[in-house]
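If you want the building blocks of each chain, they are given just below.
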Amino acid sequence: MPSTAQARRSAGLSPLSQRRLVLALGLGLAVSTLWAAAASYYLVFHDEMLARFVSRQSAMQFTYEERIGTLQRALDRAAAERNAERGSVESRLSALTERQALIEKRHGLLSGLGGAAAPIDLPPPAPIPVAEPAARVQKPFPTPELRMGGEDRAEAAGRVSSARLSRLEDALHRVAEAQSRAAAGIALQAGRSAERFRDLIARTGLSPARFDPPPGGVGGPLVPLGPDAFEQALAEARRQIEEETHLRRVTAALPFRQPLPGEIALTSSFGARLDPFTRGYALHTGVDMRAETGAPVRATAAGRITAAEYAGGYGNMVEVDHGRGLVTRYAHLSGTAVSVGQRVEAGSVVGFAGSTGRSTGSHLHYETRIDGEPVDPQRFLKAGAQFVFAD
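Draft legend 1. Spotlight on the overall build of the protein chain. A count of helices and strands for the protein chain gives five helices and 12 strands. The buried share of the protein chain, reckoned over its 391 residues, is 30%. Accessible area for the protein chain stands at about 24100 Å²; split by element, carbon and sulfur atoms hold 57% of it.

What follows is the structure, given as structure tokens:
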């Protein structure tokens, strides 16, 4: 049997070539083994690797979507807050517009109270800034930078709007308070004027209630006034003005004027006196005033002529009925200038001074009567000296 060396020699391979061949065969066997092992591992663990890869990808996608959802919710919340703030601004602006319209209406009411209301400056309507939504920036997904920048701008604009609205609210509140004070001041002024007229009437011995209009039927549903200070002050002002107007008319209708011009010189007063003819005590039912014959005698208040004739001791006499039981008489006239039934105004000439009837010389006998009873005319003359007539 041939030996190994002989076999090698018979094959024609040198020892070096033989070692190289063995090395190449070994390397090929190793590569084949590795490839077989890798292929076997891939075939065995392919599904598990794919599942892990898909799981990692799913986790990354979930994390990404969760981040996007968180940012979107933040943006939605910020947008909702801006919308709520914008709605609040619009609501406040609407309320301010209504309040300013009410203030302007109340100003007109105050101006209509006899012109007694002082002018009140109303603040002009201020422009109300409304925050505009932040510009949208195109990015793959919302970022904190975008969210914070838009919210900061919206919040700053909202603060500006709120501050301006607050200033306008304060201004309108001050105007409303000034209107309430003005209405209260008008009521106080009218009340004082009414009290002055009431005092003048009382000085004549008459009760102001005597001239109250007859009561009529009243009624209606009960609608209590609310707690609004202006409404209460306005109601009181109207009541006081109505009372003052009524008393002013009553006062203007009373015989407060003088029947003769200039300074009055009395030659005989009202009451008990020595009669110039009998030299005994008698009641003098009026006052005698010095006057030249032919001097014009004027009505001391408006009224209707109820007598214009010769009346015994009165001589030529004119009687004027002023209503409410109040009458004035002008006697010893040299002549009359009116006729019965005629309507005369205060200051109208009713006759001329003289010395007719039971008289010792030219003068004017002047009487005032209440419900047919003579009263001292000086009550009216003294009170009238304090009254300013609107002639």
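Draft legend 2. Region of the structure containing the pattern of salt bridges. Applying the stated criterion to the full structure yields 13 salt bridges. When the shortest N-O distance is used, the salt bridge between R106 and D228 registers 3.1 Å. Taken together, the residues R106 in helix α2 (residues 15–111) and D228 in the loop between α3 (144–203) and α4 (229–253) connect sequence positions 122 residues apart. Residue R106 is classed as buried on the basis of its relative accessible area, which comes to 8%. Judged by relative accessible area, D228 falls into the partly exposed class, the value being 30%. In this structure, a network of salt bridges that share partners links the residues E319, R329, E367 and R369.

Draft legend 3. Summary view of the environment of S334. Examined against the element boundaries, S334 turns out to sit in strand β8 (residues 326–336). For the pair S334 and G351, spaced 17 residues apart in sequence, the C-alpha to C-alpha distance is 7.5 Å. Apart from residues no more than four positions distant in its own chain, S334 is found in contact with T293, G294, N316, F352, A353, G354 and T356. At 3.0 Å, the side chain of S334 forms a polar contact with the backbone oxygen of A353.

Draft legend 4. Looking closely at the nonpolar core. The biggest cluster of nonpolar side chains holds 18 residues, and the ones touching the most others in it are M289, V297, V318, Y330, V350 and L364. Filtering out sequence-adjacent residues up to four positions away, V350 remains in contact with V297, R298, A299, V318, Y330, T336, A337 and V338. Within the second largest apolar cluster, 15 residues are counted, among which are A194, F197, L247 and A383.

Draft legend 5. Here's a closer look at the packing of aromatic side chains. Under the definition given, this model contains two aromatic pairs. Taking the centre distance of 6.1 Å and the plane angle of 45 degrees together, the rings of F256 and F380 count as tilted. Taken as a pair, F256 in the loop between α4 and β1 (266–268) and F380 in helix α5 (residues 378–384) lie far apart in primary sequence, 124 residues in all. With centroids separated by 5.4 Å and ring planes inclined at 40 degrees, the aromatic side chains of Y330 and Y366 adopt a geometry described as tilted. One end of the pair, Y330, is in strand β8; the other, Y366, is in strand β11 (residues 363–370), and 36 residues separate them in sequence. Like Y366, Y330 is buried.

Parameters and conventions
Residues numbered from 1 in each chain as written. Predicted model: local features only at pLDDT ≥ 70, side-chain atom pairs only at ≥ 80, totals over all residues. Heavy atoms only, no water. Helix = DSSP H or I, 4+ residues; strand = E, 2+ residues; numbered from the N terminus. Buried < 20%, exposed > 50% of the residue type's maximum accessible area, 1.4 Å probe, protein only. Areas by Shrake-Rupley, 256 points an atom, 1.4 Å probe, with all protein chains shown as cover. Salt bridge = Lys/Arg side-chain N within 4 Å of Asp/Glu carboxyl O. Contact = heavy atoms within 4.5 Å. Polar contact = N/O pair within 3.5 Å; in protein donor to acceptor, adjacent residues only side chain to side chain. Core = buried A, V, L, I, M, F, W, Y, C linked by side-chain atoms within 4.5 Å. Phe/Tyr/Trp six-rings, centres within 6.5 Å; stacked < 30°, edge-to-face > 60°.

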